[in-house]
Amino acid sequence: MQRAKEMNANQREELLRTLKARFEKNMNRHKGLEWAKVQAKLEANTEKLWSLNEMESTGGEPDVVGHDKKTGEYVFYDCSAESPKGRRSVCYDRKALESRKEHKPNNSAIDMAAAMGIELLTEEQYRELQKLENVDAKTSSWIITPADIRKLGGALFADYRYGKVFVYHNGAESYYAARGFRGLVRI
């Protein structure tokens, strides 16, 4: 079910307060960036603000992790300690979901991300996040899978164990209570 991509003034203000508090609490994620500039971008782009609200409401705890100087965009990643709770128990994509004959999950990571207006993290982006702070010590997260791997039926996921980031493969149709996905949005 697709929700309307609108938020009322109270919802916008509450989300902005939450994002500002998280920004100020986690300055290590965005050294040298100023909240006032981030907030101005957010207020000017209500559709992206809606996407951040979707990330927040599913447990992603989005926060600014970078600023693209070429485009002027701020980049938000899901920074929750574990894979977002409201996005777990999903297979990788629509093709994988349709291939399951029984015990189908309710959704796929790619479809959920598209409905939320966000992108799954790539392996490189996932590793960048892990350099900021270690996440997924008890869970794992689907990441963008190269076409050649996906064509063979596989999909990639990653986690943090034993002091290292691991990238693994699984059948794209698999799903687990402890596997979700992390996303990003550019504003």
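Before any of the text, the structure's been laid out above.
Thresholds, definitions, all that
Throughout this document, residue positions are counted from 1 along each chain, in the order its sequence is written. With pLDDT at 70 or above as the cut-off, local features in this predicted model cover only qualifying residues; side-chain atom pairs require 80 or more to be listed or tallied, and sums for whole chains, interfaces and linings still use all residues. Each side-chain value is derived from all of the structure's non-hydrogen atoms; neither hydrogens nor water enter the calculation. Each helix corresponds to a stretch of at least 4 residues labelled H or I by DSSP, and each strand to a stretch of at least 2 residues labelled E; elements are numbered beginning at the N terminus. Salt bridges, as used here, are contacts in which a Lys or Arg side-chain nitrogen is within 4 Å of a carboxyl oxygen on Asp or Glu. Exposed residues in this analysis have more than 50% of their type's maximum accessible area, buried residues have under 20%, and partly exposed residues fall in between, with area computed by a 1.4 Å probe over protein chains only. Here, nonpolar core means buried Ala, Val, Leu, Ile, Met, Phe, Trp, Tyr and Cys residues that are tied together by side-chain atoms lying within 4.5 Å of each other. Working definition: a ring pair exists when centres of Phe, Tyr or Trp rings (six-membered ring for Trp) sit within 6.5 Å. Plane angles under 30 degrees give stacked, over 60 give edge-to-face, the rest tilted. The criterion is that NZ of a Lys, or CZ of an Arg, lies within 6 Å of the ring centre and within 35 degrees of the ring normal, and then a charge sits over that ring. Think of it this way: DSSP has to see at least two bridges between two strands before they count as a pair. For this analysis, residues touch if any pair of their heavy atoms sits within 4.5 Å. The angle between two axes is taken between their N-to-C directions and runs from 0 to 180 degrees, where each axis is a line fitted to C-alpha atoms and a helix contributes only its stretch in contact.

### Observations regarding unusual backbone geometry
- Positive phi, close to 55 degrees, is recorded for His-103, a residue that is not glycine.
- Tracing the backbone through its elements, the reader meets His-103 in the loop between α4 (94–99) and α5 (109–116).
- Unlike most non-glycine residues, Asp-136 shows phi in positive territory, near 65 degrees.
- Position of Asp-136 relative to the elements: it lies in the loop between α6 (123–132) and β4 (140–143).

### Considering the pattern of salt bridges
- Applying the stated criterion across every chain, the model contains twelve salt bridges.
- Between Glu-24 and Lys-20 there is a salt bridge, with the nearest N and O atoms lying 4.0 Å from each other. With Glu-24 and Lys-20 both in helix α1 (residues 9–25) and four residues apart, the pair spans about one turn of that helix.
- What makes Glu-24 partly exposed here is its relative accessible area of 48%.
- Notably, a salt bridge pairs Arg-127 with Glu-123, separated by 3.1 Å at the nearest N-O pair. Residue Arg-127 and its partner Glu-123 are located together in helix α6, separated by four residues, close to a single helical turn.
- On the basis of relative accessible area, Arg-127 is assigned to the partly exposed category, the value being 32%.
- Taking relative accessible area as the criterion, Glu-123 reaches 31% and is therefore assigned partly exposed.

### Side note on the nonpolar core
- Counting residues in each nonpolar core, the largest one holds 34 residues, and the members touching the most others are Val-38, Leu-42, Leu-52, Phe-76, Trp-142 and Phe-181.
- Within the residue set of this core, elements represented by two or more residues are α1, α2 (35–43), α3 (46–57), β2 (74–78), α4, α5 and β5 (154–161).

### Some points on the packing of aromatic side chains
- Applying the stated rule across the entire model yields five aromatic pairs.
- Judged by centre distance (5.3 Å) and plane angle (55 degrees), the rings of Phe-23 and Trp-35 are tilted. Residue Phe-23 is located in helix α1, and its partner Trp-35 is located in helix α2; the two are separated by twelve residues in the primary sequence. Here Phe-23 and Trp-35 have matching classes, each one buried.
- Measuring from centroid to centroid gives 5.7 Å for Tyr-92 and Trp-142, while their planes differ by 65 degrees, and the two rings are edge-to-face. Placement of Tyr-92 in the loop between β2 and α4 and of Trp-142 in strand β4 is noted, with a sequence separation of 50 residues between them.
- Here Arg-87 stacks its cationic end above the ring of Phe-181, 5.1 Å away from the centre of that ring.
- The ring of Trp-142 is capped by Arg-179, whose NZ or CZ atom sits 4.7 Å from the centre of that ring.

### Quick word on the sheet that holds β2
- On the basis of which strands lie adjacent, the open sheet formed by four strands has the order β1-β2-β8-β3 and antiparallel pairing. Of all strands in the sheet, those bounded by a partner on one side alone are β1 (62–67) and β3 (119–120).
- Inspection of the sheet shows β2 paired to strand β8 (residues 183–186) by three bridges, in the antiparallel sense. Note on β8: the bridge partner recorded for Phe-76 is Val-185.
- Strands β1 and β2 of the sheet are contacted by α2, whose axis makes an angle of about 85 degrees with β2.

### A word on the sheet that holds strand β6 (residues 164–171)
- The four strands lie next to each other as β6-β5-β4-β7, forming an open sheet whose pairing is mixed. If you trace the sheet from one side to the other, it starts and ends with β6 and β7 (179–181), each paired once. This sheet shows a mean twist of 35 degrees between the axes of neighbouring strands, independent of strand direction.

### Here's the deal with the pairing of β4
- Both faces of β4 are covered, namely the face carrying Ser-140 and Trp-142 and the face carrying Ser-141 and Ile-143.
- For β4 and β7, the ladder comprises three bridges, and the chain directions are parallel. Across the sheet, Ser-140 pairs through a bridge with Arg-179, a residue of β7.

All we've got here are geometric facts, nothing functional implied.
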